[in-house]
Amino acid sequence: MRKGHRKPGVHTRIALQQFRKVFLIQVVSLVIIAGVLLLHSLSAAWSSLCGGLIFLLPSYVFVYRALVVQQTKSTPGAVIRQLYTSEIWKMGLSIALFIAVFILIQPLNPFSLFGTYIWLQLTGFIAQLRLNNSFLKL
Amino acid sequence: MEMALLYIAGALMMGLGAVGAAVGIGILGGKFLEGAARQPELIPLLRTQFFIVMGLVDAVPMIGVGLGLYVLFAVA
């Protein structure tokens, strides 16, 4: 553990365990989608892989910065600052990856790219709601 | 003219997505501060709930931003 950082609490550990499960589900579904699209065409499979990575990499960075890197202070202001900074990193990284893919990858299949991206968002949404008992009453 | 319309479409997609995300995350932060001020002992629990809901709130705006960037960088 780095200096100036403290051990994560119970709620953080539970959230990290849930994130690991959701992340695994998303990676498996990405591999399945890319494998199925490989039967159609190589550019579709490559585009879906890019769409999945555009979603998964910023999510991982967000969770790492928000939950793994623990601040020494846990005042409401410090928590808000840490989570908002993590969110800005996530959005910035997503935008940079989108731009890089649109400029560098040719030919690109937009339907498989955005289809995979939206599918992973939905998978994360549903899995997160199912794993969290406190949201079931909603 | 077509190029101008494409740029306007991309800007609208990204701008409206940003407005939606800003309103959602702003309300979320405000409610977190309210809850933390009422019951400071619940800050660790509220923090993880805040983290989870923040991940859910920014999902749809990011799709809009992605589509807007596609229009700007690949179509236009």
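A quick note: this is a predicted structure, and the numbers were derived from the prediction, not measured.

The rules behind these values
Residues numbered from 1 in each chain as written. Chains lettered and ligands numbered in written order. Predicted model: local features only at pLDDT ≥ 70, side-chain atom pairs only at ≥ 80, totals over all residues. Heavy atoms only, no water. Phe/Tyr/Trp six-rings, centres within 6.5 Å; stacked < 30°, edge-to-face > 60°. Helix = DSSP H or I, 4+ residues; strand = E, 2+ residues; numbered from the N terminus. Buried < 20%, exposed > 50% of the residue type's maximum accessible area, 1.4 Å probe, protein only. Lys NZ or Arg CZ within 6 Å of the ring centre and 35° of its normal. Salt bridge = Lys/Arg side-chain N within 4 Å of Asp/Glu carboxyl O. UniProt positions renumbered as here; feature names shortened; annotations may be inferred. Contact = heavy atoms within 4.5 Å. 1 Å grid on protein atoms, 1.4 Å probe; cavity = no way out; pocket = protein on both sides within 12 Å on 5 of 7 lines; lining within 4 Å. Points joined across faces, edges and corners; volume = space filled by probe spheres on them. Nonpolar A, V, L, I, M, F, W, Y, C, P; charged D, E, K, R; others polar. Patch = residues over 30% accessible without salt bridge, like charges linked within 9 Å, V, L, I, M, F, W, Y side chains within 5 Å. Areas by Shrake-Rupley, 256 points an atom, 1.4 Å probe, with all protein chains shown as cover. Polar contact = N/O pair within 3.5 Å; in protein donor to acceptor, adjacent residues only side chain to side chain.

### Things to note about the packing of aromatic side chains
For the structure shown, the criterion picks out 12 aromatic pairs over all chains. Ring centres of Phe114(A) and Tyr70(B) lie 5.9 Å apart, and the angle between their planes is 80 degrees; this geometry places the pair in the edge-to-face category. Remark: Tyr70(B) occurs in helix H3 (residues 59-75) and Phe114(A) occurs in helix H4 (residues 110-131); the pair is interchain, linking two chains. Note on Phe114(A): relative accessible area 7%, which makes it buried. Here the aromatic cluster, defined as three or more aromatic residues joined through ring pairs, consists of Phe55(A), Phe98(A), Phe102(A), Phe114(A), Tyr117(A) and Tyr70(B). Positioned above the aromatic ring of Phe62(A) is the side chain of Lys90(A), whose terminal nitrogen or guanidinium carbon lies 5.0 Å from the ring centre.

### What about the pattern of salt bridges?
Evaluation of the coordinates by the stated rule reveals one salt bridge over all chains. A salt bridge links Asp58(B) to Lys90(A), with the shortest nitrogen-to-oxygen separation between them at 3.1 Å. Of this pair, Asp58(B) sits in the loop between helix H2 (43-57) and H3 while Lys90(A) sits in helix H3 (residues 76-104), placing the two residues on different chains. Note on Asp58(B): relative accessible area 1%, which makes it buried.

### Things to note about the UniProt feature "transmembrane region" (unreviewed entry) in chain A
Residue and element names in this part refer to chain A. UniProt records the feature "transmembrane region" (unreviewed entry) for residues 21-39, 45-67 and 88-105 in the present numbering. As annotated, residues 21-39 comprises 100% helix and 0% strand, and the C-alpha atoms at either end are separated by 28 Å. Summarising residues 88-105: 94% helix, 0% strand, and an end-to-end C-alpha distance of 25 Å.

### Some words on the environment of Phe51(B)
Along the polypeptide, Phe51(B) turns up in helix H2. Taking the C-alpha atoms as reference points, Phe51(B) and Leu28(B), separated by 23 residues in sequence, lie 9.9 Å from one another. Among residues more than four places away in sequence, those in contact with Phe51(B) are Phe62(A), Val63(A), Ala66(A), Leu67(A) and Leu83(A).

### Focus: the UniProt feature "transmembrane region" (unreviewed entry) in chain B
Under the feature "transmembrane region" (unreviewed entry), the UniProt entry names residues 6-29 and 50-73 of chain B. Secondary structure across residues 6-29 of chain B divides into 100% helix and 0% strand, with the first and last C-alpha atoms of the span separated by 34 Å.

### A closer look at the layout of surface pockets
Over the atoms rolls a probe the size of a water molecule, and its path tells where empty space is left. Residues and elements named next belong to chain B. Estimates place the volume of the largest pocket at around 190 Å³. If you trace the largest pocket, you find it lined by Leu28, Lys31, Phe32, Gly35, Leu46, Gln49, Phe50 and Val53. When contributions to the lining of the largest pocket are tallied by element, the ones reaching two or more residues are helix H1 (2-38) and H2. Grouping the amino acids of the lining of the largest pocket by side-chain chemistry returns five nonpolar, two polar and one charged.

### Observations concerning a nonpolar patch on the surface
There is a patch of nonpolar side chains on the surface, built from Ile118(A), Trp119(A), Leu122(A), Phe125(A) and Ile126(A) and spanning about 450 Å² of accessible area. By the secondary structure assignment, Ile126(A) is in helix H4.

### Some thoughts on the interface of chain A and chain B
Between chain A and chain B, the residue contacts involve 37 residues of the former and 30 residues of the latter. The tally of links between chain A and chain B comes to one salt bridge. Between the two partners, chain A and chain B, sit six residue pairs in polar contact (both at pLDDT 80 or more). Where the side of chain A that touches chain B is concerned, the elements lending two or more residues are helix H1 (10-40), helix H2 (42-68), H3 and H4 of chain A. Residues that form the side of chain A that touches chain B fall into these classes: 24 nonpolar, 11 polar and two charged.

### With respect to the side chain of Lys90(A)
Overall, the relative accessible area of 9% leaves Lys90(A) in the buried class. Engagement of the side chain of Lys90(A) in a polar contact is seen with the side chain of Asp58(B), the distance being 3.1 Å. Beyond its immediate sequence surroundings of up to four residues, Lys90(A) is in contact with Pro58(A), Ser59(A), Phe62(A), Gly55(B) and Asp58(B).

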